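Chain residues, written in single-letter form:
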Amino acid sequence: MRWDVIVVGGRVAGAATAMLLARGGLRVLCLERTRLGSDTLSTHALMRAGVLQLSRWGLLDDVVGAGVPPVHRVVFHYGWDSTTVTVRPGAGVDALYAPRRTFLDALLVRSAVAAGARVEHGATVTGLLRGDDGAAIGVVVRGRDGVREEHAPLVVGADGLRSLVAAAVGAAVRWQGRDAADSTYGYLAVPATGYEWYYDEGCGGGLIPTNDGLTCVFAGSAAGGRAAGHGAGHPTGYAAGHVPAGAPAPPGRRAPRPAASAGEDPWAGTSVPPALAERIAGLPLVGRLRHVPGVPGFLRSAAGPGWALVGDASGWKDPLSTHGMTDALRDAELLARALLAAPEPGPRQREALAEYEATRDRLTVPLLEATEPIVGFRWDLAEVQGLLRGLAAAMADEVDVLLALDVATV
């Protein structure tokens, strides 16, 4: 079968894009190398624009029905002081939510299939097919039944930070950051009352309530231990060097640190803001901690002959921004609208994809520029408050853009 679009990657960005394109009547093949419902590293937190998208697509009731707790307040802890911000209803959003990826990714996949897309798990794309003019015309995929070719006039790379599609087409880096945060994640079986962000000298972290009465707890500090570790008296105890532009990124998977033995602090060796360390002291972990080396933010070209990028394949910002999933849901809509407006290759499609890239850049670059100094950890507690206000302003702009879209589902 010849497809209208092949989407490489079937998690948040890829599954959402496949769903929207299929709802618009296109023949869509979505290929995902992992199994359905598998977990992936994530802070889970959706910002207002991300919740707005789920609401517009008719999926928010599923999130609420799955028992994902509503977030009605956000608490900012600066050292030992705190400020609470109420999440006021507006823009079609009454609360924020932070669904586990085991749930959200599967929900989007089921919605894509219900719309008519074919979604294949356990399918690894190993290369792109090119036409005589160099344009992408399909993929080589290794699945359960062996290696085969699939053809389409457009291939969408939604295959993450180290995107094969982006590498194969030589997508140019349009914006490159320098700083990044090494991060540590884990889960506690203690509900939080809302999103809670912690900032202290040289480190940051947070508590994010998610499914099943669990709270995602994370902490971050300057990549490679560049900043002194002040949190809870612990040094930054794991190395993950800075990745300059053009250098190979560190492997995407890291083995979990062995479980702490009885009486041992599982967070030892990790920079944790003291107020957060006091909050979680003695609370048992559910599962193991995961440690992720920092990768500086970047933004790649969004489209070219026969290809387009979305999600982390398109651009990456540090997880301390807690904005990756929201980016993915936002840009899935922007890309789908561009392709549905001009589904056939040619000047109209190039113009539509150029508009997608321009809108993505207009919304993403301010977020990247606001995140960069935060993860540099060269601020004091007064300065970081101003940086966070800049990040919030950038998030407000994307809500305005989404609200201006046609209310009808794509």
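Notes on the structure follow.

The rules behind these values
All residue numbers here refer to positions counted from 1 along the written sequence of the relevant chain. Local features in this predicted model are restricted to residues of pLDDT 70 or higher, and side-chain atom pairs are both shown and tallied only at a pLDDT of 80 or more, whereas totals for entire chains, interfaces and linings draw on every residue. Based on all heavy atoms of the structure, the side-chain values leave hydrogens and waters out of the count. Numbered from the N terminus, helices here are DSSP runs of H or I no shorter than four residues, and strands are runs of E no shorter than two. A 1.4 Å probe rolled over the protein chains alone gives each residue an accessible area, and that area as a share of the maximum for its type sets the label: buried under 20%, exposed over 50%, partly exposed in between. Any two residues having at least one pair of non-hydrogen atoms within 4.5 Å are treated as being in contact. Per-residue and other accessible areas were derived by the Shrake-Rupley procedure at a 1.4 Å probe size, with only the shown protein chains allowed to occlude residues. Remark: nonpolar core denotes a set of buried residues (Ala, Val, Leu, Ile, Met, Phe, Trp, Tyr, Cys) joined through side-chain atoms within 4.5 Å. Note on aromatic contacts: the rings of Phe and Tyr and the six-membered ring of Trp form a pair at centre separations within 6.5 Å, being stacked when their planes are under 30 degrees apart, edge-to-face when over 60 apart, and tilted otherwise.

1. Description of the overall build of the protein
- Within the protein, the regular secondary structure consists of 9 helices and 19 strands.
- Per-residue burial for the protein yields a buried fraction of 57% across its 410 residues.
- Residue pairs in contact within the protein that sit at least 24 positions apart in sequence constitute 74% of those at least 6 positions apart.
- Carbon and sulfur atoms make up 53% of the accessible area of the protein, which amounts to about 16,400 Å² in all.

2. Observations regarding the nonpolar core
- Counting residues in each nonpolar core, the largest one holds 91 residues, and the members touching the most others are Leu 54, Trp 57, Leu 108, Tyr 195 and Trp 197.
- Leave out the neighbours within four places in its chain, and Leu 54 touches Leu 46, Leu 59, Leu 60, Val 63, Leu 104 and Leu 329.
- Membership of the second largest hydrophobic core comes to 20 residues, among which are Trp 3, Val 8, Val 139 and Ala 152.

3. Points about the packing of aromatic side chains
- For the structure shown, the criterion picks out 7 aromatic pairs.
- Consider the rings of Tyr 195 and Trp 197, whose centres lie 5.4 Å apart with planes at 40°: the pair is tilted. The same class applies to Tyr 195 and to Trp 197, which are both buried.
- Aromatic side chains Phe 377 and Trp 379 sit 5.6 Å apart centroid to centroid with 40° between the ring planes, which places their arrangement in the tilted category. Taken as a pair, Phe 377 and Trp 379 share a single burial class, namely buried.

4. Re the side chain of Asp 331
- By secondary structure assignment, the location of Asp 331 is in helix H7 (residues 324–341).
- In this view, Asp 331 contacts Val 310, Tyr 356, Arg 360 and Thr 364; residues no more than four positions away in its chain are not counted.

Just geometry here; none of it tells us what the structure is for.
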